[in-house]
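Residue-level listing of the chains:
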Amino acid sequence: MKGHNAAITHIIVCNKNAHIYSLSKDKVFKVWDLRHQSCVQTISRLQSLGPAPITGVFFCEYTHTLLMLASQIGVLEATSCDLNDGHITSHEKPIRAALYNENFNQVVSGCSDSVVCVWDLETGEKVIHFSRVHGDCEITAMVFDPTGRRLITGGRDGTIKIWNFNNGACLGELTSPDTCE
């Protein structure tokens, strides 16, 4: 049984179909059968996601869809393993965070170019994007509020902003005085 040739960066276990999905630093994706303890598929064409490292991997057991986040979003579906079919160009710069919002069945991604994009998970279409979220500073963190209705972003400049991510309206900004560390 041959494993990866580079460090493994992401592992996802799917109990429903008894598979393990693994991704290595050299952008090789493998599907492992837990029952037979064997590799059932290897996909090594993920270089089309761009030169940036893959920073996030999300798997939806319901749709058997795998999202991979680098400077672009890669989508692999169980019905098709051809990355060109599901490949979506999303951001010019590396993606820093991506979140799934189950209230709206959307993925919200933010990149180091201070751009936020909202994606419809059913169609893969970009619903909205807003730029200069933190001015010229990159986005370094994102989270939804407990209700899942507001997006909260953190910037390299130390600011936190609260957004209505459905229309791109900034609802508030938290800044700290320069004396705060």
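Residues numbered from 1 in each chain as written. Predicted model: local features only at pLDDT ≥ 70, side-chain atom pairs only at ≥ 80, totals over all residues. Heavy atoms only, no water.

## Things to note about the environment of Phe29
So, point 1. Turning to its location among the elements, Phe29 is positioned in strand β3 (residues 29–33).
So, point 2. Distance from Phe29 to Leu46, taken between C-alpha atoms, is 7.8 Å for residues 17 residues apart in sequence. (Helix = DSSP H or I, 4+ residues; strand = E, 2+ residues; numbered from the N terminus.)

## Observations concerning the nonpolar core
Note that soluble globular proteins tend to have their nonpolar side chains buried in a common cluster.
So, point 1. Counting 16 residues, the largest nonpolar core has Tyr21, Phe29, Leu46, Ile54, Val57, Leu66 and Met68 as its most contacted members.
So, point 2. Those elements that place two or more of their residues in this core are β1 (8–14), β2 (19–24), β3, β5 (56–60) and β6 (65–69).
So, point 3. Once residues within four sequence positions are removed from consideration, Phe29 is found in contact with Tyr21, Ser22, Leu23, Gln41, Thr42, Ile43, Leu46, Leu66 and Leu76. (Core = buried A, V, L, I, M, F, W, Y, C linked by side-chain atoms within 4.5 Å. Buried < 20%, exposed > 50% of the residue type's maximum accessible area, 1.4 Å probe, protein only. Contact = heavy atoms within 4.5 Å.)

## Some details on the packing of aromatic side chains
So, point 1. Following the criterion strictly, the structure yields five aromatic pairs and no others.
So, point 2. Here the aromatic rings of Phe104 and Phe165 are separated by 5.7 Å at their centres, their planes lie at 80°, and the arrangement is edge-to-face. Of this pair, Phe104 sits in the loop between β8 (95–101) and β9 (106–111) while Phe165 is found in the loop between β14 (160–164) and β15 (169–174), placing the two residues 61 residues apart along the sequence.
So, point 3. Residue class for Phe104 comes out partly exposed when judged on its relative accessible area of 29%.
So, point 4. Using a relative accessible area of 0% as the deciding quantity, one classes Phe165 as buried.
So, point 5. Considering the side-chain rings of Phe130 and Trp163, the 5.1 Å spacing of their centres and the 40° angle between planes classify their relative orientation as tilted. One end of the pair, Phe130, is in strand β11 (residues 126–130); the other, Trp163, is in strand β14, and 33 residues separate them in sequence. For the pair Phe130 and Trp163, a shared accessibility class is recorded, and that class is buried. (Phe/Tyr/Trp six-rings, centres within 6.5 Å; stacked < 30°, edge-to-face > 60°.)

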